[in-house]
Amino acid sequence: MLKIKLITIITLVILLCACNTQEQSTQLAQIKSENKIRVGTLASASNYYQAVQGEQGFEFELSQAFADYLGVELEIVPFFNLSDMFARLDSGDLDLIASGLTFNKARAKRYRYGPTYRTISQKLVFKQGRERPRDFDDLTGNFTVIAKSSHSLTLEEIKQNNPDLTWSETEEFDEEELLQAVIDGEIDYTLADSHTLALFRRYHPNLSIGFSVTRNDSIAWILRKSNDDSLYALLVPFFGEAKQNNQLYVLEEKYFGHVRQFNYVNTLAYIDAIKETLPKYQPWFIQYAGSLDWRLLAALSYQESMWNPRAKSPTGVRGIMMLTRRTAKQVGVTNRLEPEQNIRGGAKYLAKLIKRIPDRIPQPDRTWLALAAYNVGWGHVNDARIITEQQGASPDKWADVKKRLPLLVKKRHYRNTRYGYARGDVAVTYVDNIRRYYDALVWLDENNAMATIPPTSETEKETKDKR
């Protein structure tokens, strides 16, 4: 009898150990045990990059949100080519890939895709000045894409019905480097994802679109293919909540909302102005920026006056920072046509607006709200924030307020506000433009692609003559 009981106890212990081992062997259990999730991504402006304020990027922030959802730390692992990244996923060194990769049937045979959370399109691009290709039959030069990429897989599918289609593949360049190679004339054509292209064209307007190769491609995270559903099962509710609480919309707006519209002529004029006009005024932007980024101040000034110190609006707003007479008096500007004074006053006024934003609102939302206030007044921006809160969204997030500012032109909305009618739609475009100008200026500055010279005696003479 004792022997039977002993065997029973041993059997129960073995079963419990087996169950415990099985539980510990799941991917989710391993993540919980190590208290971290390892996420691979391609280093790029749209996925992940190091900025002055720390780690940034759409995929980085989304991955951080998922790590918080799981209650573990995020270990982001940046890569510079797809082969290395997928090899690390295959070996089990990564838990998933979050890199803005599109769904592809060939890749889906080997890997498991999570829920779709964005859509993009693939564009064939070339340098402005060449004859525009309308389809693949019009290509007359070197056509290169990234090896083993979504672009490569797309071309493999297209080739089934277009046997004459040829291209080269490389692992030496990333997507932005290939776009730069087109600008430099090293290759003639490449493919680019729509969001990457939009970001790149902020400072390279000479890159043109031939035609759309795909439309509405689904983007999703990628996991190893296995019978282990433990991690995948949590992706579904996570993305469901991210869509429901507008988290995806807020991230989309933060990284891509200001680059949806592209104007070749305006962008080209801006790049030229950076090289030809900005050096005259850059030392003053730097001198009077204070705690602000001088490049933001310069971007604001370009939106206001295109760096024209004698600019004047029909309403009497004047100068390189376009100050009203009342604002000029508040910030100690006695001559609005004198650019140094005007820049000093504009910087002081913007700093005051940012300080007026409630302390609980973090960056960069504080700055975007302040820029809107520079254009339309803080009272109107606050009216839009109140409407935002009344409609169940966050009055502290620019992405949510941005959707409500245009309502201030509609009587049924502005008649119930404190400050009434305002061109909130103009304020939205205004902020988007400044963000584009700022991004371009930061990129050019950090890549040593813009000339910086101090004001010359000739410039100073011109300034005195204009007083």
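Residues numbered from 1 in each chain as written. Predicted model: local features only at pLDDT ≥ 70, side-chain atom pairs only at ≥ 80, totals over all residues. Heavy atoms only, no water.

A. Quick look at the overall build of the protein chain. For the protein chain, the helix and strand inventory stands at 21 helices and 14 strands. With respect to the three principal axes, the spread of C-alpha positions in the protein chain is 110 × 60 × 45 Å. Across the 467 residues of the protein chain, 51% fall into the buried class. Carbon and sulfur atoms make up 49% of the accessible area of the protein chain, which totals about 23200 Å². One way to put it: in the protein chain the 61 positive side-chain charges average out to a point 10 Å from where the 57 negative ones average out. (Helix = DSSP H or I, 4+ residues; strand = E, 2+ residues; numbered from the N terminus. Buried < 20%, exposed > 50% of the residue type's maximum accessible area, 1.4 Å probe, protein only. Areas by Shrake-Rupley, 256 points an atom, 1.4 Å probe, with all protein chains shown as cover. Lys, Arg positive; Asp, Glu negative; His and termini not counted. Charge placed at Lys NZ, Arg CZ, Asp CG, Glu CD.)

B. View of the nonpolar core. Counting residues in each nonpolar core, the largest one holds 91 residues, and the members touching the most others are Phe-285, Trp-307 and Leu-350. Ranked by the residues each element gives to this core, the list is headed by helix α20 (residues 424-446), at eleven residues. In this structure Phe-285 touches Leu-278, Trp-294, Leu-297, Ala-298, Ser-301, Trp-307, Met-321 and Ile-343, once residues within four positions along its chain are discounted. (Core = buried A, V, L, I, M, F, W, Y, C linked by side-chain atoms within 4.5 Å. Contact = heavy atoms within 4.5 Å.)

C. Layout of the UniProt feature "active site" (unreviewed entry) in the protein chain. Here the UniProt feature "active site" (unreviewed entry) sits at Glu-304. Position of Glu-304 relative to the elements: it lies in helix α13 (residues 294-305). Those residues in contact with Glu-304 that lie beyond four places of it in its chain are Ile-320, Met-321, Met-322, Tyr-374 and Tyr-430. (UniProt positions renumbered as here; feature names shortened; annotations may be inferred.)

D. Highlighting the packing of aromatic side chains. This structure, assessed with the given rule, holds 27 aromatic pairs. Seen in terms of ring centroids, Phe-58 and Phe-256 are 5.8 Å apart; in terms of plane orientation they differ by 40°. Their pairing is tilted. On the criterion of sequence distance, the pair formed by Phe-58 in helix α3 (residues 58-70) and Phe-256 in helix α10 (residues 247-256) is long-range, its members being 198 residues apart. Under the relative-accessibility criterion, Phe-58 is labelled buried at 1%. For Phe-256, a relative accessible area of 4% puts it in the buried group. Members of the aromatic cluster, connected to one another through ring pairs, are Phe-58, Phe-66, Tyr-69, Tyr-117, Trp-221, Phe-238, Phe-239, Tyr-255 and Phe-256. Sitting over the face of the ring of Phe-58, Arg-118 holds its NZ or CZ atom 4.9 Å from the ring centroid. (Phe/Tyr/Trp six-rings, centres within 6.5 Å; stacked < 30°, edge-to-face > 60°. Lys NZ or Arg CZ within 6 Å of the ring centre and 35° of its normal.)

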